[in-house]
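Structural features, examined
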Amino acid sequence: MLDRFFNRKTNRFYPTGAMALYCYMLLLTWAASVPAGVLYAQYENIWAFGSGAGFNFNSGGPVYFPTGIQADEGCASVCDAQGQLLFYTEGYNVWNREHQLMPNGKELLGSIDRFSFNPTSSTTQGALIVPMPDSAGKYYVFSLTSYEVNPAREANKLYYSVVNMALNGGSGDVEPGRKGILWDSLLTEMMTAVTGDRCNIWLLVAQHYDNTLKAYNITASGLDRQAVVSNLLPANRGFFQGYIEMSPNRRAMAINRIGLGLYDFDPASGRALGKANLVMVKTPEAGHGGVAFSPDNTKLYASVRDTVNQYHLYQFDLSSGDSARMVSSKFSLGHYFMQAMKRAPDGRIYACDLGQGMGLVAQPNQAGNACQFAAVGQIGGQNWVSVFPNTIALVHKEEYPSSSILSGNCFANVRPGRMAALDDSSGWDYVWNDGRRGPYREADSMGLFWLQYTTPPCQAHIDTFRVFFPYGVLPSFQVQAGCRGQHNGRAFAHTYPGDTVTYHYQWYNATGNIRSDNDTLYDAAPGDYRVHIRTAHCDTTVTLVIPEEQHRVAFHSDSIVCTGDTLHFTNTSSDHYTRFQWHFGEGTVSAQANPIHAFALAGIYRVQLIAGGAVCQDTFYKDITVDPIIAPVFKAMPDSICQGTAVSFYHATHDLSLNLLRWDFGDGVAADISDTILTHAYALAGQMPVSLNAQFRACPDQIYIDTVKVFALPQVDLSPDSSLCLDDGPVVLSNRAAATHYRYLWNTGAVTPVLIVTQPGKYGLTVSDTQRGCSATETVTIKKGCYTDIPNIFSPNGDGHNDYFYPRQHLSSGISSYALKIYNRWGQTVFESQATNGKGWDGRCQGKEQPAGTYIYQLEWTSGARREQYQGNIMLIR
């Protein structure tokens, strides 16, 4: 059985009675026909606008009274929860309820050149009042400068100030230091606010240069700097002026700026999505008439210029939700330019016809002429109306308590059903009385439960549930964990205090065996169990788990060590364990908590730690690898060689514990090579100390050293030159180097130390060491005659080719004297040299470049008994 009682508290009201306008009987006649029950917040019951005008709706219809405001367009006023005036503003000055300027409320934006009007009062929606969420008595005042402000850099900027009603003896004042704070720029003249879905308010402004809507989030934490940005329809691109209007249900937005655009609005995210271009305007300079939604959200009223430059007051039917049908539903109520329109607390829509007076939509929820629109003339005397006060959006917390009684026949149902929040689809911050979170929970015991949560826009709920189980309450269970591998776990059943029902129990383990037939399960191993509970009226089965005691046995140590190394074992077991026994795997044991041990032999040992505590005992294993100490050995074959030959090295140092083999061959060459066989050639002679360094992962490095003898090769020297000349005589060849114990072999087959050559050709001598078997060979070329190769042209231009004149081949190794002279065509000497290794002539004389042309050279050289002379011409090219 489920009984529910719901109680709702609200501070909204339903106004009744006739409306009265101070000067027009027509308004009095219509006031009598307004249906009762139109819902509106008292915070907008008093309007201050225009040139000192005011409306008071507290008695039902609007009653005129004078105010201190002087506003051409933008203005705002706010009341308290009882509908009594608090203050009003045109965005530049703030007046209190006594119609006096607040002490700090004058010129909120400082001194700005404003022509004949202040910088905000000529802005279509230049002033906006927003009550601070969760800050009673504090209000944001937003000020938006008009596009006519001079200098232009001050135009279309958004500022805010803070009014605190606790100041100035309760009459309110602008807080010091929170006055005229710049917030945004490059905007249009449109601004309004709408209540969000999370106890927040969205401040809406339009960016002019990129035709976007910016929604700033206002919460109890303050004003969020990061705006939510939405793209606006092309119909709303153009002039600065215009109006933003929100529907009463906060789900639709209309913008009248050049064209009339309709948008879907999401109060949860602050995003707007273009739905329809309802009316496009002929020219971009105007078209920013008023706009308003009907109280039931089904009708939209807007004053828009048509394609022949005439203004109409249109009504659109939005009830279909279809864009095309909404556009085609356009109905003209007449040719009126309504500068501003506003939905009033009496459920009607009031409109301002600039310079012509007022208009009134008496039944805005009705279609066509049934809406009863009429132009009602001027508002008495000098009080011309241009714009009504901006909308007041506020966060108002309403409490919605509810209570429920839940009763169950048997505890076996657990629970007659789950307890759930009354509104579980859109709320947040669901908190139960015991701290649980979420919109649902099971009623698993008798008692009183309550749930607190919030739903949009800011409704606080407290749902109360009283739960009864007349045939018994499901017992609760206390479980005591057991140790791994042991049977020392327990489980106990506890009945609800005051419960007089007799319960019978049977406990089963995971295999279905009965373990106990009373309210306690003893000596249970960790695992899954079920208990069957039976009473005179009900029975049920409950499953539970006896968990395993989480006491860990473990130790830390190195896993790889060298034979004989000292190994430290660090015990990391849980504090539960106080007794320890170590087994090191080779017969030795220890009872220390953190023992030290050394392994005498190589191998793999399983070290075991057995730990005991007050309740549990457990074992931990770890394998320790003990590496052997290995001495490296290698063999060199052969171990003595002649210079320039190679030695083969063989080694047998192989083990899993080996990381690296590093060779040093004694001749400055080292290498990391692990091959079993490797070779190395020696270019130098001498005793070569060869070493092999074996590096292991755990054991110390081991080094083995041996020596390789490298014998020098015999010296062979036939001539300082690679070629010799016969020059009509024989050449005598012999080894000019000292030689003992040597054997000679010429490539002609001769074995004598001296060889007489009479024919040109290539001759070679191999000298062998008769003691060590080493040998060396040298060759020389014998030519029939020798000559000097002299060029006939050169170009000393610095390019590295033919920059000098000199004999290309003059047998320098055999020359004993040398003389070179260069003459110009007049017989003057321009160059001479006796240096056999000089560079020759560079085309200069005493540092000056000589002209291109033909020059004469004379060359004379002597080699032994041979003397030769040369003379000829050389061409110098520039």
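Residues numbered from 1 in each chain as written. Predicted model: local features only at pLDDT ≥ 70, side-chain atom pairs only at ≥ 80, totals over all residues. Heavy atoms only, no water.

**A few points about the state of the cysteines**
Per the counting criterion, the structure on display carries 4 disulfides. In this model Cys 199 forms its disulfide with Cys 458; the gap between the sulfur atoms is 2.1 Å. Disulfide Cys 199 to Cys 458: torsion about the S-S bond roughly 95°, handedness right-handed. Taken together, the positions of Cys 199 in the loop between β13 (187-195) and β14 (201-207) and Cys 458 in the loop between β34 (447-455) and β35 (459-468) put the pair 259 residues apart, joining distant regions of the chain. Judged on exposure class, the residue Cys 199 and its partner Cys 458 are both buried. For the unlinked cysteine Cys 352, the closest cysteine sulfur is that of Cys 75, found at 8.6 Å. Take Cys 352: its relative accessible area is 0%, and that puts it in the buried class. (Disulfide = S-S within 2.5 Å. Helix = DSSP H or I, 4+ residues; strand = E, 2+ residues; numbered from the N terminus. Buried < 20%, exposed > 50% of the residue type's maximum accessible area, 1.4 Å probe, protein only.)

**Re the pairing of strand β6 (residues 85-89)**
The element β6 is largely enclosed, with a buried count of 5 among its 5 residues. Pairing geometry for strand β5 (residues 76-79) and β6, over 4 bridges, is antiparallel. Residue pairing across strands places Val 78 opposite Phe 87, the latter belonging to β6. Count of turn residues in the β5/β6 antiparallel hairpin: 5 residues, of which Gly 83 carries a positive phi of about 85°. As judged from the 3 bridges shared by β6 and strand β7 (residues 94-96), these two strands associate in the antiparallel manner. Following the sheet pairing, Thr 89 is matched in β7 by Val 94. The loop that links β6 with its antiparallel partner β7 comprises 4 residues; one of these, Gly 91, has a positive phi angle of about 100°. (Pairing = 2+ DSSP bridges.)

**Some details on the sheet that holds strand β4 (residues 63-64)**
Here we have 3 strands laid out as an open sheet, ordered β2-β3-β4, and antiparallel in their pairing. Sheet topology places β2 (46-49) and β4 at the edges, where each strand pairs with a single neighbour.

**Concerning the nonpolar core**
For soluble globular proteins, the rule of thumb is that nonpolar side chains tend to be buried together. In terms of nonpolar packing, the biggest core is built from 25 residues, with Tyr 140, Phe 142 and Leu 158 touching the most fellow members. Secondary-structure elements contributing two or more residues to this core are β8 (127-131), β9 (138-144), β10 (158-164), β13, β14 and β15 (212-219). Not counting residues up to four positions away in its chain, the partners in contact with Tyr 140 are Leu 128, Ile 129, Val 130, Met 132, Tyr 160, Ser 161, Val 162, Ile 218, Gly 222 and Leu 223. (Core = buried A, V, L, I, M, F, W, Y, C linked by side-chain atoms within 4.5 Å. Contact = heavy atoms within 4.5 Å.)

**A short note on unusual backbone geometry**
Pro 456 connects to Pro 457 through a cis peptide bond whose omega is -5°. Residue placement: Pro 457 occurs in the loop between β34 and β35. With an omega dihedral of -10°, the bond running from Met 637 to Pro 638 counts as a cis peptide bond. Within the secondary structure, Pro 638 is located in the loop between β52 (634-637) and β53 (640-642). The phi dihedral of Glu 107 is positive, around 50°, even though this residue is not glycine. With respect to the secondary-structure elements, Glu 107 resides in the loop between β7 and β8. Given the relative accessible area of 30%, Glu 107 is considered partly exposed. One non-glycine residue with positive phi stands out, namely Asn 802, at about 55°. By secondary structure assignment, the location of Asn 802 is in the loop between β66 (793-794) and β67 (817-823).

**Examining the sheet that holds strand β19 (residues 252-257)**
Whenever strands of a sheet pair, they do so through backbone hydrogen bonds, lying parallel or antiparallel. The strand order across the open sheet formed by 4 strands is β18-β19-β20-β21, and the pairing between neighbours is antiparallel. Since the sheet does not close on itself, it has two edges, and those belong to β18 (243-246) and β21 (271-279), each with one partner. The average undirected angle you get between the axes of adjacent strands in this sheet is 25°. Relative to β19, β18 runs antiparallel, the two being bridged by 4 bridges. Bridging across to β19, Ile 244 finds its partner in Ile 255. (Axes fitted to C-alpha atoms, helices over the stretch in contact; angles between N-to-C directions.)

**Quick notes on the pattern of salt bridges**
Within the structure shown, the criterion is met by 19 salt bridges. For Asp 197, the salt bridge is made with Arg 250, and the minimal N-O distance between the two is 2.9 Å. With Asp 197 in the loop between β13 and β14 and Arg 250 in the loop between β18 and β19, this pair connects stretches of sequence that are 53 residues apart. Both residues of the pair, Asp 197 and Arg 250, count as buried. The closest approach of N and O atoms between Asp 264 and Lys 275, which form a salt bridge, is 3.6 Å. A residue pair is termed long-range when its members are at least 10 positions apart, and Asp 264 in strand β20 (residues 259-266) and Lys 275 in strand β21 qualify at 11 residues. By sharing partners, the salt bridges in this structure join Lys 138, Glu 175 and Arg 178 into a single network. (Salt bridge = Lys/Arg side-chain N within 4 Å of Asp/Glu carboxyl O.)

**Considerations on the environment of Leu 609**
Following the sequence through the fold, Leu 609 ends up in strand β50 (residues 603-613). Classification of Leu 609 as buried rests on a relative accessible area of 0%. Note: C-alpha distance between Leu 609 and Tyr 621 (12 residues apart in sequence) is 6.5 Å. Apart from the residues lying within four places of it in its own chain, the contact partners of Leu 609 are Val 553, Ala 554, Phe 555, Asn 571, Ser 573, Phe 580, Gln 581, Trp 582, Asp 618, Thr 619 and Phe 620.

**Focus on a nonpolar patch on the surface**
Side chains of Leu 448, Trp 450 and Ile 462 sit close together on the surface and give an oily, nonpolar patch of about 250 Å² of accessible area. Structurally, the position occupied by Leu 448 is in strand β34. A residue is classified by how much of its surface remains accessible, and Leu 448, at 37% relative accessible area, is partly exposed. (Patch = residues over 30% accessible without salt bridge, like charges linked within 9 Å, V, L, I, M, F, W, Y side chains within 5 Å. Areas by Shrake-Rupley, 256 points an atom, 1.4 Å probe, with all protein chains shown as cover.)

**Structural notes on the packing of aromatic side chains**
Evaluation of the coordinates by the stated rule reveals 40 aromatic pairs. The interplanar angle of 35° and the centroid separation of 6.5 Å between the aromatic rings of Phe 55 and Phe 388 together place this pair among those described as tilted. Of this pair, Phe 55 sits in strand β3 (residues 53-56) while Phe 388 sits in the loop between β29 (373-377) and β30 (398-407), and the two are 333 residues apart along the sequence. You can call Phe 55 buried: its relative accessible area is 0%. When its relative accessible area of 4% is taken as the criterion, Phe 388 is described as buried. Measuring from centroid to centroid gives 5.0 Å for Tyr 336 and Phe 373, while their planes differ by 70°, and the two rings are edge-to-face. In this pair, Tyr 336 is assigned in the loop between β25 (331-332) and β26 (338-343) and Phe 373 in strand β29, connecting sequence segments 37 residues apart. Feature note: the residues Trp 47, Phe 49, Phe 55, Phe 57, Tyr 350 and Phe 388 constitute an aromatic cluster, connected by ring pairs. The ring centre of Tyr 314 lies 5.0 Å from the NZ or CZ of Lys 330, which sits over that ring. (Phe/Tyr/Trp six-rings, centres within 6.5 Å; stacked < 30°, edge-to-face > 60°. Lys NZ or Arg CZ within 6 Å of the ring centre and 35° of its normal.)

**Focus: the confidence of the model for the protein chain**
Looking at the protein chain as a whole, the pLDDT averages 85, with 88% of positions reaching at least 70. Long-range and interchain partners of residues 1-40, a stretch whose pLDDT sits below 50, account for 102 contacts in this model, where long-range means more than four residues apart. (pLDDT = per-residue confidence, 0-100.)

**A short note on the environment of Thr 578**
Mapped onto the elements of the fold, Thr 578 is located in strand β47 (residues 577-583). In the structure, Thr 578 is positioned 35 residues away from Gly 613 in sequence and 5.5 Å away in space, judged by C-alpha atoms.

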